[in-house]
Amino acid sequence: MTEYKKPVPLPGPISEPFFEGAKRHELMLMRCLSCGAYRLAERPSCPECWSDDYEWVKGSGRGSIYSYVIMHQQLHPAFADDIPYNVAVVELEEGPRMVSNIVGCGNEELRVGQPVEVVFDAITEDCTIPRFRPRSD
Ligand SMILES: [Zn+2]
């Protein structure tokens, strides 16, 4: 593995199961035990009903592109060689929207509403992050 020079996400107490799941190639979501709404690991309480009770469940890893931008500006020196690169908001089938990158196609092929599925990118020995690629079904 070549040395990864970009910032590496540091799991916190809430997000650790998410990153452990990514290492197993599972996209883990939090599911509210009160109302059943799904959310990402960014929120300690449910955005629908404010309950703090949740369980971790494996998500489908499927969704669609809700929005995207093509970055032409260098906001961090570590990303200079990637310009232009895409940053996409993926709406998961379970509901939450997740900021990620679309891989496996050119930036000019991206479309809002395009179906995508998760892929897992082991950026370091200890950290795997989810990205998404187009799916045809
Ligand atoms: Zn809830």
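Keep in mind that this is a model prediction, so the values were computed, not measured. (Residues numbered from 1 in each chain as written. Predicted model: local features only at pLDDT ≥ 70, side-chain atom pairs only at ≥ 80, totals over all residues. Heavy atoms only, no water.)

**Considering the coordination of the zinc ion**
- For the zinc ion, the full set of protein donor atoms is Cys32 (SG), Cys35 (SG), Cys46 (SG) and Cys49 (SG), at a range of 2.3 to 2.4 Å.
- Around the zinc ion, the four donor atoms sit at angles spanning 102 to 116°, and that spread fits a shape best called tetrahedral.
- Sequence positions of the residues that donate to the zinc ion give the spacing C-x2-C-x10-C-x2-C. (Donors = N, O, S within 2.8 Å, 3.2 Å for Na, K, Ca; no water. Tetrahedral: all angles 85-135°; square planar, octahedral: opposite > 155°, others 65-115°.)

**Some points on the nonpolar core**
- Counting 24 residues, the largest nonpolar core has Leu27, Leu92, Met98, Ile102 and Phe132 as its most contacted members.
- Of all the secondary-structure elements, those providing two or more residues to this core are helix H1 (16–23), strand S1 (28–32), strand S5 (85–92), strand S7 (115–122) and strand S8 (128–134).
- Other than its neighbours up to four places away in sequence, isoleucine 102 contacts Ile65, Asn86, Ala88, Val90, Leu110, Val116, Phe132, Arg133 and Pro134. (Core = buried A, V, L, I, M, F, W, Y, C linked by side-chain atoms within 4.5 Å. Buried < 20%, exposed > 50% of the residue type's maximum accessible area, 1.4 Å probe, protein only. Helix = DSSP H or I, 4+ residues; strand = E, 2+ residues; numbered from the N terminus. Contact = heavy atoms within 4.5 Å.)

**Observations regarding the pattern of salt bridges**
- All told, the structure shown has eight salt bridges when counted by the stated rule.
- Residue glutamate 20 pairs with lysine 23 through a salt bridge whose shortest N-O separation is 3.3 Å. On the criterion of helical spacing, the pair formed by glutamate 20 and lysine 23 is a turn pair, its members being three residues apart in helix H1.
- Residue arginine 97 pairs with glutamate 91 through a salt bridge whose shortest N-O separation is 2.8 Å.
- You can call arginine 97 partly exposed: its relative accessible area is 42%.
- Residue glutamate 91 is classed as partly exposed on the basis of its relative accessible area, which comes to 26%. (Salt bridge = Lys/Arg side-chain N within 4 Å of Asp/Glu carboxyl O.)

**Quick notes on unusual backbone geometry**
- Looking along the chain, the bond that leaves isoleucine 83 and enters proline 84 is cis, with omega of -5°.
- The phi dihedral of histidine 25 is positive, around 65°, even though this residue is not glycine.
- With a phi close to 70°, tryptophan 50 is a non-glycine residue in the positive phi region.
- By the secondary structure assignment, tryptophan 50 is in the loop between strand S2 (38–39) and strand S3 (54–58).

In short, shape yes, function no, at least from these values alone.
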